[in-house]
Amino acid sequence: MDYKIAVIPGDGIGPEIVGASIKVLDKIAEKFNHTFNYTEVLAGGAAIDACDNPLPQETVDICLDSDAVLLGALGGPKWDNLPGDKRPEAGLLGLRKSLGLYANLRPAILYEELKAACPLKPEIIGEGLDIMVVRELTGDVYFGEKGRDGDFAAWDIMKYTRPEVLRIAKKAFEIAMKRDKKVTNVDKANVLEVSRFWRSCVEEVAKDYPEVELNHLYVDNAAMQLVINPKQFDVIVTGNLFGDILSDEASMITGSIGMLPSASMADGKFGMFEPIHGSAPDIANQDKANPIHGSAPDIANQDKANPIHGSAPDIANQDKANPIATIVSVAMMLRYSLDLIAEADAIEAAVKKTLAQGYRTGDIFSAGMALVGTTQMGQKIIDNL
Ligand code: IPM
Ligand code: MG
């Protein structure tokens, strides 16, 4: 079969990790007899540099005309001082909105081979972790009305409509049906009207899925439960803002952050696939040394003087970046958008095998393992296909 794939290499390490992933995809094409037609398009910093716009219309048009979109990483310090609507992030948010990508699936899986990197105690992780965070991606404070009254006040409206909640809840229940049939809804219904509304919509959808067990957690409690008892979770469904925060937490506790893919899905099969690290530039430098006290939450996380970007500009063009998250994002793309299940399985198996053989990029390196660069890691995975 022939498939059209829009490719957004993006900024920083983006082009390298996407380059390595395309080589894996080419190998899949050869092995399984497919043709992947790639169209490279600009977004984020690269687009700002080329045409002074983080999301050119041409990019949106080409993406919409494709079967799926593969994205590397957007952003970097070079563009940090631009106004909000001109920043690379505006390109990412614009892509989500204009492509209708309302369902963000962020799996948090603990790789057996990287168990030592998990920051939680062995008795807490037990046999392993496998959580799917289903985050609503085109509503909430991210896209609500915003405003500013000079230097006196500013606001972002947190709003959800019934159709928006119903469709994301449905997505979460559908996913749970293929997993352990458990959905945890996360909201702040003890305080927010929007959350009470959200919760009632989720309960309405739950009626269509009697086999799925539904429970509710307030977001503050959910954040805590993720570290004290993460095994209780199968599918977590939540709004855009809470999902942004909890998905970073969930992926970080697996210790596999550099390894995790993500999918942003529209209705039907169309989606955009990207490594989690790329879409979460703010997680890389959490100083975990300071325990956060209930009585002093305001002092937490204030030591982030140098934000590390998802596009990791400091290691760009040095053949050092870990391409695995992007390569498994390609597997997710094959599985969810192109229905190529055997092909997706093959990539995931090749990644596992490569890790089992002891190959590691710098970010996941430990003593006794073989240190490889981006290109070599990609090649090892291809060899194992
Ligand atoms: C993410 C990121 C984005 C978000 C930023 C870069 C706009 O944190 O994908 O989680 O907040 O959604
Ligand atoms: Mg984030």
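Everything quoted here is computed from the prediction, not taken from an experiment.

### Some words on the pattern of salt bridges
In this structure the tally under the stated criterion is 18 salt bridges. Across the pair Glu30 and Lys27 runs a salt bridge whose closest N-O atoms are separated by 3.9 Å. On the criterion of helical spacing, the pair formed by Glu30 and Lys27 is a turn pair, its members being three residues apart in helix α1 (residues 14-32). The exposure class assigned to Glu30 is exposed, which follows from its relative accessible area of 61%.

### Description of the packing of aromatic side chains
Tallying each qualifying case throughout the model produces three aromatic pairs. Lying across the ring of Phe143, Lys97 places its NZ or CZ 4.7 Å from the centre.

### Concerning the layout of surface pockets
Space inside the second largest pocket adds up to approximately 930 Å³. Forming the boundary of the second largest pocket are 31 residues, of which Leu105, Met132, Met332, Arg335 and Tyr336 lie nearest the centre. Counting only elements with at least two residues in the lining of the second largest pocket, the list comes to β4 (103-109), β5 (130-136), α6 (162-177), β11 (261-265), α11 (324-336) and α12 (341-356). Among the elements that make up the lining of the second largest pocket, the one with the highest residue count is α6 (five residues). Of the residues belonging to the lining of the second largest pocket, the class tally is 16 nonpolar, one polar and 14 charged.

### Quick word on the nonpolar core
Counting residues in hydrophobic clusters, the biggest one holds 67 residues, and the most contacted among them are Phe36, Leu105, Val134, Leu334, Ile347 and Val351. At eight residues, the largest contribution of residues to this core is made by α11. Counting the residues that make up this core, at least three belong to each of domain 1 (1-105 + 268-385) and domain 2 (119-253). Other than its neighbours up to four places away in sequence, Phe36 contacts Tyr3, Ile5, Leu25, Ile28, Ala29, Leu334, Leu338 and Leu340. Formed by 19 residues, the second largest nonpolar core is a distinct cluster that contains Cys118, Phe233, Leu246 and Ile253.

### Quick notes on empty space enclosed by the protein
Taken as a whole and judged by the stated rule, the model has one cavity of 30 Å³ or more. If you add up the space inside the largest cavity, you get close to 80 Å³. If you trace the largest cavity, you find it lined by Asp140, Met158, Tyr160, Val186, Asp187, Val194, Ser195, Trp198, Gly239 and Phe242.

### Quick look at the sheet that holds strand β12 (residues 271-275)
One open sheet accounts for 10 strands, arranged β2-β1-β3-β12-β11-β4-β5-β10-β8-β9; its pairing is mixed. At either margin of the open sheet sits one strand with a lone partner, and together these are β2 (35-40) and β9 (213-218). Taking the axes of each pair of neighbouring strands and ignoring which way they run, one obtains an average angle of 25° across the sheet. Two elements, β5 and strand β10 (residues 235-238), share four bridges in a ladder whose sense is parallel. Bridging from a neighbouring strand, Arg135 pairs with Thr238 of β10. Contacts from helix α4 (residues 88-98) reach β1 (2-10), β3 (68-73), β4, β5 and β12 within the one sheet, and its direction differs from that of β12 by about 150°.

### Details of the domain arrangement of the protein chain
Taken as a whole, the protein chain is organised into domain 1 (1-105 + 268-385) and domain 2 (119-253). Computed from C-alpha coordinates alone, the two centres of domain 1 and domain 2 are separated by 23 Å. At the junction of the two partners, domain 1 supplies 15 residues and domain 2 supplies 17 residues. Taken together, both faces of the contact between domain 1 and domain 2 bury some 1600 Å²; the carbon and sulfur share is 64%. Contact with domain 2 buries area across many residues of domain 1, yet Tyr102, Asn104 and Leu105 alone supply 40% of it, more than any other trio. Between the two partners, domain 1 and domain 2, sit zero salt bridges. Counting every contact that joins domain 1 to domain 2 gives three residue pairs in polar contact (both at pLDDT 80 or more). Partitioning the side of domain 1 that touches domain 2 into residue classes produces nine nonpolar, two polar and four charged.

So, how was this worked out
- Residues numbered from 1 in each chain as written.
- Chains lettered and ligands numbered in written order.
- Predicted model: local features only at pLDDT ≥ 70, side-chain atom pairs only at ≥ 80, totals over all residues.
- Heavy atoms only, no water.
- Salt bridge = Lys/Arg side-chain N within 4 Å of Asp/Glu carboxyl O.
- Helix = DSSP H or I, 4+ residues; strand = E, 2+ residues; numbered from the N terminus.
- Buried < 20%, exposed > 50% of the residue type's maximum accessible area, 1.4 Å probe, protein only.
- Phe/Tyr/Trp six-rings, centres within 6.5 Å; stacked < 30°, edge-to-face > 60°.
- Lys NZ or Arg CZ within 6 Å of the ring centre and 35° of its normal.
- 1 Å grid on protein atoms, 1.4 Å probe; cavity = no way out; pocket = protein on both sides within 12 Å on 5 of 7 lines; lining within 4 Å.
- Points joined across faces, edges and corners; volume = space filled by probe spheres on them.
- Nonpolar A, V, L, I, M, F, W, Y, C, P; charged D, E, K, R; others polar.
- Core = buried A, V, L, I, M, F, W, Y, C linked by side-chain atoms within 4.5 Å.
- Domains from an automatic or database assignment.
- Contact = heavy atoms within 4.5 Å.
- Pairing = 2+ DSSP bridges.
- Axes fitted to C-alpha atoms, helices over the stretch in contact; angles between N-to-C directions.
- Buried area = accessible area lost by both parts, 1.4 Å probe.
- Polar contact = N/O pair within 3.5 Å; in protein donor to acceptor, adjacent residues only side chain to side chain.

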